[in-house]
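A structural walkthrough
Residues per chain, in single letters:
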Amino acid sequence: MATKSVISHRAYDQRGKQIFVAVATFIICSQLQLIQMSIPKEKAQWEDAEVDAFLDYLISQRSKLAGTNFKEPTCNEASLKIAGLKKSGPVKMASHCKVKWAGLKSTYNAIEKYCNRSGCHWDRDRGASIQGEAAVESVWSEFIQASSGKSMKLFKNTGWRFYSKMEQILP
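Going along each chain's sequence as written, the residues are numbered from 1 onward. Two thresholds apply to this predicted model, a pLDDT of at least 70 for residue-level local features and 80 or more for giving and counting side-chain atom pairs, whereas whole-chain, interface and lining totals are computed over all residues. Side-chain numbers here rest on the full set of heavy atoms in the structure, without hydrogens or water.

A run of H or I in DSSP counts as a helix once it spans at least four residues, and a run of E counts as a strand once it spans at least two, with each numbered from the N terminus. Helix and strand content of the protein: six helices and two strands. Sequence-ordered secondary structure for the protein, helices as α and strands as β, is α-α-β-β-α-α-α-α. Burial here depends on accessible area, computed with a 1.4 Å probe over protein chains only, as a share of the maximum for the residue type. Under 20% is buried, over 50% is exposed, and the range in between is partly exposed. Counting the 171 residues in the protein, one finds 30% classified as buried. Partitioning the contacts of the protein with sequence separation of at least 6, the portion at a separation of at least 24 is 70%. Note on areas: Shrake-Rupley, 1.4 Å probe, and residue coverage restricted to the protein chains presented here. Carbon and sulfur atoms form 57% of the exposed surface of the protein, whose accessible area is close to 11500 Å². Residues count as neighbours in contact if any of their non-hydrogen atoms are within 4.5 Å of one another.

With that settled, the discussion passes to the side chain of Q61. Here Q61 lies in the loop between α2 (48-60) and β1 (65-66). Since its relative accessible area comes to 14%, Q61 is described here as buried. If near-sequence neighbours (up to four positions away) are discounted, Q61 is found in contact with F70, T74 and E77.

Our next topic: the side chain of E50. Inspection of the secondary structure assignment puts E50 in helix α2. Given a relative accessible area of 1%, E50 falls into the buried group. For E50, the contacting residues outside a window of four places in its chain are Q45, I82, L85, K86, K87 and K92.

A pairing counts as a salt bridge when a side-chain nitrogen of Lys or Arg comes within 4 Å of a carboxyl oxygen of Asp or Glu. Per the stated rule, a full pass over the model turns up six salt bridges. Note that D48 and R161 form a salt bridge whose closest N and O atoms lie 3.5 Å from each other. Within this pair, whereas D48 is found in helix α2, its partner R161 is found in the loop between α5 (134-145) and α6 (163-169), the two being separated by 113 residues in sequence. Accessibility expressed as a relative area gives 48% for R161, which makes it partly exposed.

What follows concerns the nonpolar core. One recurring pattern in soluble globular proteins is that nonpolar side chains are buried together. Within this scheme, the nonpolar core is defined by two criteria: the residues are buried Ala, Val, Leu, Ile, Met, Phe, Trp, Tyr or Cys, and they are joined through side-chain atoms within 4.5 Å. Formed by 32 residues in total, the largest nonpolar core has its most connected members in F54, L55, W101, M152 and W160. Among the elements that line this core, the one with the most residues is helix α4 (residues 94-115), at eight residues.

What follows covers the packing of α2 against helix α3 (residues 72-82). In contact at an axis separation of 9 Å, α2 and α3 are set at 135 degrees when each is read in the N-to-C sense. Looking at the two axes, α2 sits oblique to α3. Seen from above, α2 lies across α3 with right-handed handedness. Across from E50, A53, F54, Y57 and L58 in α2, the residues of α3 making contact are T74, E77, A78, K81 and I82. A per-class count over the contact of α2 with α3 returns six nonpolar, one polar and three charged. What counts as an axis is a line fitted to C-alpha atoms, over the stretch in contact for a helix, and the angles between N-to-C directions run from 0 to 180 degrees. Orientation categories follow fixed angle ranges, with anything under 35 degrees roughly parallel, anything over 145 roughly antiparallel, 65 to 115 roughly perpendicular, and all other angles oblique. By definition, turning the near helix anticlockwise from the far helix through less than a right angle yields a left-handed crossing, and turning it clockwise yields a right-handed one. In this classification, Asp, Glu, Lys and Arg are treated as charged, Ala, Val, Leu, Ile, Met, Phe, Trp, Tyr, Cys and Pro as nonpolar, and every other residue, Gly included, as polar.

Any Phe, Tyr or Trp ring, taking Trp's six-membered ring, that has another such ring centre within 6.5 Å forms a pair; planes under 30 degrees apart are called stacked, those over 60 apart edge-to-face, and the others tilted. Counted according to the given criterion, the structure contains four aromatic pairs. A ring pair is formed by W46 and F54, whose centres lie 5.4 Å apart and whose planes are at 50 degrees; its orientation type is tilted. In this structure, W46 and F54 share a single accessibility class: buried. Measuring from ring centre to ring centre gives 5.3 Å for F70 and W101, while their planes differ by 70 degrees; the resulting arrangement is edge-to-face. You can see F70 sitting in strand β2 (residues 69-70) and its partner W101 sitting in helix α4, a full 31 residues away along the chain. Each member of the pair, F70 as well as W101, is classed as buried.

As structure tokens, then:
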């Protein structure tokens, strides 16, 4: 009988060691994941040539547009298409492409919102072309103050080079 209890005691000890190793592994993996999440990701730096190539690719894939966004496989493919154009910063991944698309879409939507206001002008070369009339200047200032218009500040007298490509992608 004594050998039977020694064997079951050893099995119990072995089982306890396995549980300990599993719990320790889980804790270590969790801590490594937290450390990895806290490391700042390098922000992508986009050159105009990269944005042009990115938009050209999206134009060719506009049938894959899901609402106003592209799905993960399209973003993965886009990142591969523009990889050779990188001048600085990290290699653009699908996540960078998604963020860039969101920013481009936001700018395009702000321009469209501005254009749809009564008495507002938009020109692809000169932007809003605000040059003085008090009424026009006040409409511009009011629009810029709104949170949805902040991205338009750059376009008071300058057009947006990506407007026509965005127009081809978004209905």
